[in-house]
Amino acid sequence: MSDASEINELDGLSPERSYGEYSDEEADSRDTRHHQYSSDEDEEEEDDADMQNDGFVVDDDEPDEEEERRRRRREKRKKKRRLLEQEAEQDMLDDEDLALVAENTYGEVKAPRLKRLKRGRARRAMDDDELQAELDDLTGTGANEAEADEFATRPVRHDDLGLFDNEMDELDQDDFRAARRAERMGHADTSTEYADELDEGPRVHPGAERTGAMASFLSEGLDAIDDDTWLELQEIFGTGEEYAFAMEPPIDQDAMGVKALEDVFEPAELEAKMMTQRDEEIRTTDIPERMQMRAASSDMLRPLSEEEIEEETTWVMRQLNVRLARQEAQREHRREKDTDDDVFKQADFANEQFVAAVLSVLKLLSQDFFEVPFIVKHRREVFVTTESVDPGSVEEPPTHEWLTEDDIWQLYDYDLQFRGFLSARRSVQNTVRRLCGEGADSERVISADDELYASQMLSTAETVENISDVSEWLHARYASVIQKWTQSQAGPKRARNVGLWEQARRNGTEEFAKRFGITAQQIGDNIRDPDRHAVDADAEPPEEAARRLVGTELASPELALRAAKATYAHMIALDPQIRRFVRQFCVDNAGVIVRPTERGLREITHEEHPAFAFKFLKQKPVTAFVGAQFMELQRAVNEGLLRMQFSVSGKYRFSSKDMSRDDAVFTADRDESARLVAMQLSVAGSDLWESARSEAVTAAMRDHVLPQIWRETAQRLQQQASEYVAAACQREIEQRINMAPPRTERMRPEEQPRIAVVGSGFAASARGTLRIVVVDEHGDVTETHAADSLRDGSNGAATLLAILARQAADIVAVSGLAMATRRVHDDVRTVVDSHCARSGDDVMVTYANDEAARVWWDSAAACAELPSLGREERYCVAVARTLQDAPAVYAGLGRDVLQLALHPAQRNVENTVLMAAVERALVNVINRVGVDINGLALHAHKRAVLAYVSGLGPRKAHAILSGITPDHLLESRSDLVTQRLCTRTVFVNCVSFLRVHPSVVDVLDGTRIHPEDYDLARKMAVDALDIEDDDADDPRAKRKRDKPSRYVSEVMRRSPERLDELDLVKYADELKKIMHVYKLGTLKFIKHELQNPHADPRPSFEPPSPEQVLQMLTGERVGETLREDGLTMVSATVVRVQPRFAIARLDSGLEGFIGVANIADYRVEEASDELSPGQTVAAVVKRIDLDRMSLDLSLRRSDIDAACASNREPVPDSSHVDPFFDLDTETALRERARAQQRQSTARLRTVPHPLFKPLSGREAEQYLAARPRGDCVIRPSSRGPDHIAITWKVGDGLFQHIDVREENKPHAAALGLSFTVGDLSYSDLDELIALHVDPIARRLDEVRRSPKFYDPESDPLYASEPLADVLGANDYSAEYRERRLALWEKRVARHLDTLAQSTGRGAYCVSLSLAKPGALVLAFKPTPTHRGIIKWTARVEPNEFKLGERGRYPDIAGLINGFKMMQTKPQQSSRSSASRSSQGANPPSGSSSDGRSGGRGGRWGGTSSWGAQQQPSSAQWGSAGSGWN
């Protein structure tokens, strides 16, 4: 293969690209290579050449035989060309593409006979020497001594320390390779001639014309060769153009009928499989993939010039100054003065070394395209400086690290932002040039003043917002011209006010606006240079001047003056200088005002609510928002809980007692802010136009400028909060994976642990509830077992002992899904300790984190990799792999990693932002550890890590892995180049993080040392051994080529301690003289790698803490969901009762101990006197016992009252609220709530029953909203101490409140001995529920099964009209209840009307009553022409249905028949019509359980809370009875 093609491959051509995706030139080169390495043709040509060399040349006396031989050769060439074209067609789709085509076409697509992998191997076999030359150029190892001297004397940049030389020098050093490149380029025009020859059949003799490649080769002796001899030479040796057809243009795939991928698959499918054209470009472009993915256009991938780098440095310094100022301001409002999210802690803008460090890093990012891990590891000298010491000092000079890894990542982000800034500025500059007439189809339309003004604004712009201001100004001022340009182009419209300026020109208001005395641009000039422009007084009043504008468009002077003011305000609002000033003024002075809405007042009632901390804010500065505060605030605003407004007035006029005036105060504050900003513009004057001018400026601020700036401010604060949460997630995920695997004493340093995982908490099955899975050091499963127990003598214990006896596991990890895992852990430790005591073995037992396993075990990837294992075994495998190689497991989760709980506010951040943060954490840790590239080919479950190596990504990683197989592993790092697996820049970025094991060629390939530093490592090894490298004088240097690092290997194996004897400081000083770079850090790193070649740089493994184990097994977080402050209340179920204590279990599975002394405030003899198994209790957490994984709980009334009172303190705890919280308003609000509570409830009741909840009626409804139909709670009643209330769920959104009167109370605080509901009495609460509530629920279930039951909210006719869309958001108000009732009645009437019209007779139905939950409504339409419907209300009693005053029916069928009989008797019907309205019979009124209107209480209960939407039921529609529907 030619060197030209090698360079093309190195510069971005990948063997994985399909034929149709190459450019013309690339396709020509590809076809040429294809023909050159066609095996059949090579053999034929080689045979012909051998025959000629041996003298076996056909004599001229045999013309027939010669002619026959030429004919066979032509036929063979034609046939081979046809085969080539067919193969080219098949090469359009690779193996994966062919499989996809087969799936989608339900057929079989045969793969080409010659795979590209085989051809690639042939090329590798033929071109190793030439590719090795390229590799030498790349790594700098092939230079001779003269070149080394030249390199030593020339200045070396920090970003190019001899890694690769200039290509022109390379061409000069190798004339033969240069000649071959030139020869290959000389065959570009021969394809047409050869194709013509193939088409015409017999070749036309060229006669005396001597052309072709052989003619150029023998140019000096052509005249001495006659025509016959020349023809004979061509017949024997060929013309040199046999492969010219390979230079033909690519075959037209459309003409041949070959479908491209886009024609077969959906774009989303191609994008998911990374098979689009964009993916191919990313895969082959010699730029790190992550840098390509972040770029919005190709312009953002170009190397920046030196001038742009200087500008970028200045721009970044400005951004850093703003950020550090914001961090300093936020630090005053933080409780922690130093937080992890602060960056650039060593920033010193006055220090030239800091500025130089930033400049150097930006160069590496923007010009050399080096990624952050490479810079951190191999370019530390650019941001770490050494302090000067005495020349005679032997001590190591102190260093100063100006930038951390996080700082460089921030510079990486700034680089992207600056490129976006450059792109936006260049776009606007192009618009200005086009307006100046520089375009081919443009003429000058912009004035010279406007051009100068726009240029000045662009040159002084510092942010993208400044650029946008200029763009909007141009698009508004020259809207008609720019609109003509964009009419033929697709895309969003630019300016919102397009055409307003032209309209002002047409109606004359633009010219009239000049009479206001000062232009918008002059106002902006006065901001920069005060008093530069004075206001020109106009003697004519504005009203009189406006009369001249009256015409067809402006009908009156008043309208004309308003239009002129609006035009003037519009000009001011669009001026870039004014916007820039107002924006900065708002940044310095803006504050935030927050007040709750009506819904917020109802819901944000306790300090545990996420929005309570900022429920009331009074002028909190925008610079004071820290962390995720603004994100949580914005979420509460979006949910309708809070109202937020930006302000610069600095005043807070809201009343703490009257919140009904909040709307008026918000409006007044908005106007005040506009006036204050307008006053800063200095447009005051004493002329007649002063009032009109001030009104226009104020209107410009209020209606245009400030709203836009507030939107920008909100977006900026939201972005800052998102970045904070993303950074916190990055730190969290990095902390979880930045830990070395567990180790034992018997393990060798390079060994990975073999792990046996004991998983528990699975569902009971015939195999048992425990799983034991053993994985080897590579993470592959070796054996699986199931057991019921691990107690002594059980089958599980015997299995585990057998595993330990075979030494198949170094670590035994315990993990599970329930609290029972704690007991399993104790059993495992007992078994392992007994084994170690008998055998003297060293085996570790530890808990293992299973968060990744819970995500992975049911994923498609897990099922595809381990299809023969159950989900429980897959869970254990994931736990083991997490201990061995956490980065590989987390990387393998893909986007599912976002299912992990990383930060409380992560749900408010976009997934793309979170995923970028997680990827950054994976990049940091994976590059810190390094990757065994051959191990990825042998173990597929580890391959995901390769995408996070520096310089790579999923596309480039896939391209590399496709060239490595278990049978064809890499032997050295140089194979990445020689086998064309990656390109130059990518190779430089990734090579040191890819270890080759076993390293058969060079031992340094198995370390984290970069190839550019191999010579330093070899020099250090030679000096450490104190020997001379005698091979340097050997002209052949065979041993040096075969084993270039043999001394390094000897040092690493035998005497690594001898490296400690080297004086690295002096060596670094010598290198600095040569290379002008102080590489002491690199030398120390090399020394560490040689002494510890297999060391894991991550911190040593630490078992999970008790708090972490508790969270893993129960989900409870100590300090968050559980606290020992005596104020944390939990709900638990009693599971065991003993005389002196009881055990209760929380919903999370955590158990709590309840001592007999903590059951009640009074003396309790035995726990069973007050508690029973299955009883639900409300308790207070007194203590958390992490050793036993249990709680100490208290049920004492005094403790519960104290916990409940914590949210009813007169003043909220200052630690739970914002520093700018309005405590006065919250205090007044709590005082009013306490007063209302004192009026409605005398005291809080406690009822010893498992269904008792200390809830109000509304709280009970909210509690039951998510519970099954028929559930109920017993709660205190607002009727007084002699009443309790029972609330039960009738249906979704329907709740009945039953008032229960207590009889025979021993004392006021005791529970009554009997209970009365209406005229029915019950001996205890259980009897009341069993004989009253449950029978009514069963009767309603019977009604739902009736064919005449109709539910308007589950009617399929309205499936496309959800309640939320029809009724709006449920705000729990009376208006919402009225809207729902009206909708209910409307749908019932429509249903009956449809039935009546379809059958031609009357219709009826039965439905639940919304007005009286627990009752029924019978709706009746007598005839199809009857207007309206007649409604009857039927009461549901425990034993019967009641209709009217005397109608009693045992079941729903009897109720329907009785209803029919009532309608068929005229007398009864008339009496019914006279006694009842169309709204139905009124049941007897009962007493209210909550003091509310609407029929609550008695035997009826009240209306619904409407807190949940109706769920579809299975009601059947039909007809019953003769003449009825």
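Figured I'd write up the structure that's included with this text. Computed from a predicted model, the values in this text were never measured in an experiment. (Residues numbered from 1 in each chain as written. Predicted model: local features only at pLDDT ≥ 70, side-chain atom pairs only at ≥ 80, totals over all residues. Heavy atoms only, no water.)

## A look at the overall build of the protein chain
So, step 1. Tallying secondary structure elements over the protein chain gives 60 helices and 27 strands in all.
So, step 2. Put simply, the protein chain has 1525 residues, and 49% of those count as buried.
So, step 3. By element, 49% of the accessible surface of the protein chain is carried by carbon and sulfur atoms, the whole surface being about 72,700 Å². (Helix = DSSP H or I, 4+ residues; strand = E, 2+ residues; numbered from the N terminus. Buried < 20%, exposed > 50% of the residue type's maximum accessible area, 1.4 Å probe, protein only. Areas by Shrake-Rupley, 256 points an atom, 1.4 Å probe, with all protein chains shown as cover.)

## Quick notes on the sheet that holds strand β3 (residues 591–596)
So, step 1. Overall, antiparallel pairing links the 3 strands, which are arranged β4-β3-β5 in an open sheet. Bordering the open sheet on either side are β4 (617–621) and β5 (642–647), each of which pairs with just one other strand. Taken pair by pair, the neighbouring strands of this sheet meet at an average axis angle of 25 degrees, ignoring direction.
So, step 2. Across the sheet, helix α34 (residues 662–679) touches β3, β4 and β5, and the angle it forms with β5 is around 20 degrees. (Pairing = 2+ DSSP bridges. Axes fitted to C-alpha atoms, helices over the stretch in contact; angles between N-to-C directions. Contact = heavy atoms within 4.5 Å.)

## Re the packing of helix α33 (residues 629–638) against helix α35 (residues 690–737)
How two helices sit against one another is set out by the angle between their axes and by the gap between those axes.
So, step 1. Two numbers describe how α33 lies on α35: the axes approach to 7 Å, and their chain directions differ by 120 degrees. With respect to their mutual orientation, α33 and α35 come out oblique. Where α33 crosses over α35, the two elements pack in a sense that is left-handed. Facing F630, M631 and Q634 of α33, the residues of α35 in contact are A714, L717, Q718, A721, S722 and V725.
So, step 2. A per-class count over the contact of α33 with α35 returns 6 nonpolar, 3 polar and no charged. (Parallel < 35°, antiparallel > 145°, perpendicular 65-115°, else oblique. Left-handed = near helix turned anticlockwise from the far one by under 90°. Nonpolar A, V, L, I, M, F, W, Y, C, P; charged D, E, K, R; others polar.)

## Notes on the pairing of strand β23 (residues 1403–1408)
Within a regular strand, side chains alternate between the sheet's two faces.
So, step 1. Counting buried positions along β23 yields 6 of 6 residues, so the element is predominantly enclosed.
So, step 2. By the alternation rule, side chains of β23 split into A1403, C1405 and S1407 and Y1404, V1406 and L1408, which are all buried.
So, step 3. As paired strands, β23 and strand β24 (residues 1416–1421) are joined by 6 bridges and run antiparallel to one another. When the bridges of β24 are listed, L1408 appears paired with L1416.

## Some points on the side chain of Q884
So, step 1. Locating Q884 in the fold gives a position in helix α40 (residues 871–884).
So, step 2. Here Q884 falls in the buried class, since its relative accessible area comes to 6%.
So, step 3. Here the side chain of Q884 touches P753 through a polar contact of 2.7 Å, landing on its backbone oxygen.
So, step 4. Within polar-contact distance, the side chain of Q884 engages the backbone nitrogen of G779 at 3.4 Å. (Polar contact = N/O pair within 3.5 Å; in protein donor to acceptor, adjacent residues only side chain to side chain.)

## Quick word on the nonpolar core
So, step 1. Formed by 203 residues in total, the largest nonpolar core has its most connected members in L403, L411, L474, M701 and L946.
So, step 2. Broken down by element, the residue count for this core peaks at 16 residues, all from α35.
So, step 3. Residues within four places of L946 in sequence aside, it is in contact with I933, L936, L952, A957, I960, L961 and L994.
So, step 4. Listed in part, the 51 residues of the second largest apolar core include I1274, F1315, L1325 and F1459. (Core = buried A, V, L, I, M, F, W, Y, C linked by side-chain atoms within 4.5 Å.)

## Quick word on the packing of helix α19 (residues 306–331) against helix α22 (residues 405–435)
So, step 1. For the pair α19 and α22, the least separation of the axes is 10 Å and the interaxial angle reads 115 degrees. For the element pair α19 and α22, the recorded crossing hand is right-handed. Residue-level contacts link E308, E311, E312, W315, V316, Q319, L320 and R323 of α19 to Q410, L411, Y414, D415, Q417, F418, F421, L422, R425 and R426 of α22.
So, step 2. Across the contact of α19 with α22, the residue classes break down as 8 nonpolar, 3 polar and 7 charged.

## Regarding the sheet that holds strand β16 (residues 1176–1185)
Each strand in a sheet pairs with its neighbour through backbone hydrogen bonds, running either in the same direction (parallel) or in the opposite one (antiparallel).
So, step 1. In spatial order, the strands read β13-β14-β15-β17-β16; together these 5 strands close into a barrel with mixed pairing. This sheet shows a mean twist of 50 degrees between the axes of neighbouring strands, independent of strand direction.
So, step 2. Judged from the 3 bridges that link them, strand β15 (residues 1151–1155) and strand β17 (residues 1190–1194) form a sheet pairing that is parallel. Residue pairing across strands places F1153 opposite D1192, the latter belonging to β17.
So, step 3. Along the sheet face, helix α53 (residues 1197–1205) touches β13 (1129–1137), β16 and β17 and points at about 85 degrees away from the line of β16.

## With respect to unusual backbone geometry
So, step 1. In this chain, H997 is followed by P998 through a cis amide linkage whose omega measures 0 degrees.
So, step 2. Structurally, P998 is set in the loop between β12 (994–995) and α47 (1014–1025).
So, step 3. Residues other than glycine seldom take positive phi values, yet M274 does so here, at roughly 55 degrees.
So, step 4. Structurally, M274 is set in the loop between α16 (267–272) and α17 (277–284).

## A look at the packing of aromatic side chains
So, step 1. Tallied over the entire structure, the rule returns 24 aromatic pairs.
So, step 2. Aromatic pair F370 and F374: ring centres 4.6 Å apart, planes at 50 degrees, arrangement tilted.
So, step 3. Judged by centre distance (5.1 Å) and plane angle (50 degrees), the rings of Y652 and F654 are tilted.
So, step 4. Judged by its relative accessible area of 21%, Y652 falls in the partly exposed class.
So, step 5. A cation sits over an aromatic face here: R1046 above Y1047, 4.5 Å from the ring centre. (Phe/Tyr/Trp six-rings, centres within 6.5 Å; stacked < 30°, edge-to-face > 60°. Lys NZ or Arg CZ within 6 Å of the ring centre and 35° of its normal.)

## Section: the pairing of β13
So, step 1. Pairing between β13 and β16: 5 bridges, direction antiparallel. Residue pairing in the sheet places T1133 in a bridge with T1176 of β16.
So, step 2. When β13 meets strand β14 (residues 1141–1146), the two strands line up antiparallel, connected through 5 bridges. Residue pairing across strands places V1137 opposite A1142, the latter belonging to β14.

## Observations regarding the pattern of salt bridges
When charged atoms on two side chains of opposite charge get close, those side chains can pair.
So, step 1. Counting across every chain of the model gives 78 salt bridges.
So, step 2. A salt bridge links D299 to R302, with the nearest nitrogen and oxygen atoms 3.3 Å apart.
So, step 3. Here E865 and R881 are joined by a salt bridge, their closest N and O atoms 2.7 Å apart. With E865 in helix α39 (residues 860–865) and R881 in helix α40, the pair connects residues that are 16 residues apart, well separated along the chain. (Salt bridge = Lys/Arg side-chain N within 4 Å of Asp/Glu carboxyl O.)

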